[in-house]
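# Survey of secondary and tertiary structure
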Amino acid sequence: MRLASLYSGGKDSTFSLYTVEQMGHEVPYIVNIVPEDRASWIFHTPNLNVVPEMARAMGKELVLGKSTGEEDSDMKGLHDALEGLDIDGVVNGAVWSDYQWDRMNIVCGDLGLKLIAPMWRKDQDMLMDQIIDSGIQAVIVGCYAEGFDESWLGRPINREALADLKKLREKYGISIMGEGGEYESMTLYAPNFSYPLKILESHNEWTRNNGTMFVSRMGHD
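Let us look at the structure shown here. (Residues numbered from 1 in each chain as written. Predicted model: local features only at pLDDT ≥ 70, side-chain atom pairs only at ≥ 80, totals over all residues. Heavy atoms only, no water.)

## Here's the deal with the pairing of strand 6 (residues 137-143)
Consecutive residues of a regular strand have side chains that alternate between opposite faces of the sheet. Counting buried residues along strand 6, six of its seven residues qualify, which places the element largely inside the surrounding structure. Sheet topology note: the strand 6/strand 7 (residues 183-189) ladder contains six bridges and is antiparallel. Counted as the bridge partner of Gly142 is Glu184 from strand 7. Direction of pairing for strand 6 relative to strand 9 (residues 210-219): antiparallel, over a ladder of two bridges. (Buried < 20%, exposed > 50% of the residue type's maximum accessible area, 1.4 Å probe, protein only. Helix = DSSP H or I, 4+ residues; strand = E, 2+ residues; numbered from the N terminus. Pairing = 2+ DSSP bridges.)

Written as structure tokens, this is what we have:
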């Protein structure tokens, strides 16, 4: 099929896009909804300013949608972004969020598109192993749950980090994938990138037990 992939720049949307390409589907578009409000109902919001760099690394056309961050506006922004594309379906990186799944199905149903969610309802330990094994290189850029400290910001998601995430799960009950919003990630490289990216300029904002790495500039060699 010819698909558009919802893409936030994080590990989950990168892995879902890579997976459907490995299945033989064509994905010429990545779609990014930019909410005005950081607390968007549906969409990942930190560091969307650097998603164009990722689109260039993948050779994809980036389609931007607008939203206030409220639920109805998020859905309208997605509907409007997808409406004019020559596609058969939409790729989504959701794993366990029924809320996100339901909203995506409504929009796709309205447009007569299939929703492809290769990670949906999969075991999170297995998925984290697959993401790391695939060669995707991502770093943590936001921490929003008890147990994290500022040392996690900028930390690569690798075997060592995964072991520490499992320890946090044992102690605090977090999702090791960040599926409950516990953390956010940013992809620097994937097998479908033409070249690796690197963070050139960033600053951290940390308060009590949560914080964000804001990336103002990315580049490559």
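## Focus: the pairing of strand 8 (residues 198-207)
Alignment of strand 8 against strand 9, held across nine bridges, turns out to be antiparallel. Within strand 9, the position partnered with His203 by the bridge is Phe214. Counting the residues between successive antiparallel strands, the hairpin from strand 8 to strand 9 contains two residues, one of them, Arg208, with a positive phi of roughly 55°.

## Focus: the packing of helix 5 (residues 124-133) against helix 6 (residues 159-172)
With their axes 11 Å apart at the nearest point, helix 5 and helix 6 run at an angle of 165° to one another. Taken together, the axis directions place helix 5 and helix 6 in an arrangement best described as roughly antiparallel. Crossing of helix 5 over helix 6 shows right-handed handedness. Contact with helix 5, carried on its side by Asp125, Met128, Asp129, Ile132 and Asp133, involves Arg159, Leu162, Leu165, Lys166 and Arg169 of helix 6 and no other residues of that element. In terms of residue class, the contact of helix 5 with helix 6 is made up of four nonpolar, no polar and six charged. (Axes fitted to C-alpha atoms, helices over the stretch in contact; angles between N-to-C directions. Parallel < 35°, antiparallel > 145°, perpendicular 65-115°, else oblique. Left-handed = near helix turned anticlockwise from the far one by under 90°. Contact = heavy atoms within 4.5 Å. Nonpolar A, V, L, I, M, F, W, Y, C, P; charged D, E, K, R; others polar.)

Treat this as a map of the structure, not an account of what it does.
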